[in-house]
Structure formats: C-alpha cells, structure tokens
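An overview of the molecular structure
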Amino acid sequence: MRITKDLVAASATPLVLGILADGDSYGYAILKQVNELSGGEIEWTDGLLYPLLHRLERVGHVESAWETPPGGRRRKYYRITGQGRAEFAEQRRQWATVVETLRGVWEINPLPRPAWGAGL
C-alpha cells in the first residue's frame with residue numbers, strides 16, 4: 001500500500017513529537033522507528049525528516065544538541081520542549097477527532113469483503 005504524500009505530510013509533526021515525547025533521539029533512529037511503528041508501510045526519507053526537525057526547532061517545539069555516546073559516533077540528538085509537549089497534546093486531540101469521524105464514515109460505508117472470503 002502506498003500512503004499519499006498529503007497524509008504523510010499531515011501526520012509527520014505528531015509522529016515526530018510523539019517519538020520525542022518518549023525520549024531523546026537522532027535522525028536515523030526516528031526514521032527507523034516510524035518505519036517499525038507503521039509495519040514498514042511508512043518510509044520517510046532524510047528529505048522529509050530533517051526539514052521538519054529544523055522547522056520544529058525553529059518554532060520551539062524541539063531542541064537539539066550534538067552528543068557522542070560512549071563507544072559511538074557523534075550525532076545530533078533532538079529533545080521535545082515543554083512547548084512541543086503542549087503542541088503534541090493539541091495534535092493528539094485534533095487527530096483523535098479526525099480518527100473518530102473517519103470511523104463513523106467507515107461504519108456507514110464499510111469496505112466490501114474480498115470475493116475469496118465470501119464462502120467462509
């Protein structure tokens with residue numbers, strides 16, 4: 001399945017803020033976590049993630065610092081701020097409304113059963 005660019009873009013901010021709300025992280029780890037959380041259905045590129053992180057930093061939702069973990073290589077870690085946590089809470093409320101509305105529509109118009117399952 002291919003997720004449309006519009007849906008990927010709309011969901012990017014709450015995904016990143018949610019990941020960072022769970023703990024500090026760096027770019028590659030965020031990309032990997034999005035892929036894992038989506039079961040491989042959402043694969044972001046550097047070209048999507050880093051401009052988003054820079055924008056979130058510019059507006060005060062995240063902050064960054066270069067760190068070198070013991071035995072590791074130097075990486076730029078991102079951390080959610082108090083303002084970012086407030087934005088994440090607001091994004092969750094908005095997405096919950098969208099999801100509940102979609103569920104209502106899906107109940108009215110359920111997906112058709114596949115033909116192969118009709119005899120079961």
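1. Notes on the side chain of T81
Within the secondary structure, T81 is located in the loop between strand 3 (75-80) and helix 4 (82-108). Among the polar contacts made by the side chain of T81, one reaches the main-chain carbonyl oxygen of G60 at a distance of 2.6 Å. Apart from residues lying up to four places away in sequence, T81 is in contact with G60, H61, V62 and E63.

2. Some remarks on a nonpolar patch on the surface
On the surface, a cluster of nonpolar side chains totalling about 360 Å² of accessible area is made up of V98, L102, V105 and W106. With respect to the element layout, L102 can be found in helix 4. Given the relative accessible area of 36%, L102 is considered partly exposed.

3. Concerning the packing of helix 1 (residues 5-21) against helix 3 (residues 46-58)
Where helix 1 contacts helix 3, the two axes come as close as 11 Å, and the packing angle between them is 65°. Classified by the angle their axes make, helix 1 and helix 3 are roughly perpendicular. Note on packing geometry: the crossing formed by helix 1 with helix 3 is right-handed. Residues V8, A12, T13, V16, L17 and L20 of helix 1 form the contact with helix 3, whose participating residues are L48, L49, L52, L53, R55 and L56. Classifying every residue of the contact of helix 1 with helix 3 by side-chain character gives ten nonpolar, one polar and one charged.

4. Describing the pairing of strand 3
Alignment of strand 1 (residues 25-26) against strand 3, held across two bridges, turns out to be antiparallel. The residue of strand 3 that forms the bridge with Y26 is Y77. For strand 2 (residues 62-67) and strand 3, the ladder comprises six bridges, and the chain directions are antiparallel. From the neighbouring strand, E67 faces strand 3, where its bridge partner is R75.

5. Some remarks on helix 4
Residues separated by three or four positions in an α-helix point in the same direction, a consequence of the helix having 3.6 residues per turn. If you check helix 4, its first and last C-alpha atoms are 40 Å apart, about what 27 residues at 1.5 Å a residue would give, namely 39 Å. Every buried residue belonging to helix 4 is among G84, F88 and Q91, and all of these are buried. Turning to helix 4, the residues buried within the fold contact helix 1 and strand 3.

6. A closer look at the sheet that holds strand 2
Overall, antiparallel pairing links the three strands, which are arranged 1-3-2 in an open sheet. The open sheet terminates on both sides in strands that have one partner only, identified here as strand 1 and strand 2.

7. Regarding the environment of G72
The residue G72 is located in the loop between strand 2 and strand 3 in this model. Separated by 28 residues in the primary sequence, G72 and E100 have C-alpha atoms spaced 43 Å apart.

The rules behind each value
Residues numbered from 1 in each chain as written. Predicted model: local features only at pLDDT ≥ 70, side-chain atom pairs only at ≥ 80, totals over all residues. Heavy atoms only, no water. Helix = DSSP H or I, 4+ residues; strand = E, 2+ residues; numbered from the N terminus. Polar contact = N/O pair within 3.5 Å; in protein donor to acceptor, adjacent residues only side chain to side chain. Contact = heavy atoms within 4.5 Å. Patch = residues over 30% accessible without salt bridge, like charges linked within 9 Å, V, L, I, M, F, W, Y side chains within 5 Å. Areas by Shrake-Rupley, 256 points an atom, 1.4 Å probe, with all protein chains shown as cover. Salt bridge = Lys/Arg side-chain N within 4 Å of Asp/Glu carboxyl O. Buried < 20%, exposed > 50% of the residue type's maximum accessible area, 1.4 Å probe, protein only. Axes fitted to C-alpha atoms, helices over the stretch in contact; angles between N-to-C directions. Parallel < 35°, antiparallel > 145°, perpendicular 65-115°, else oblique. Left-handed = near helix turned anticlockwise from the far one by under 90°. Nonpolar A, V, L, I, M, F, W, Y, C, P; charged D, E, K, R; others polar. Pairing = 2+ DSSP bridges. Expected span 1.5 Å × (residues − 1).

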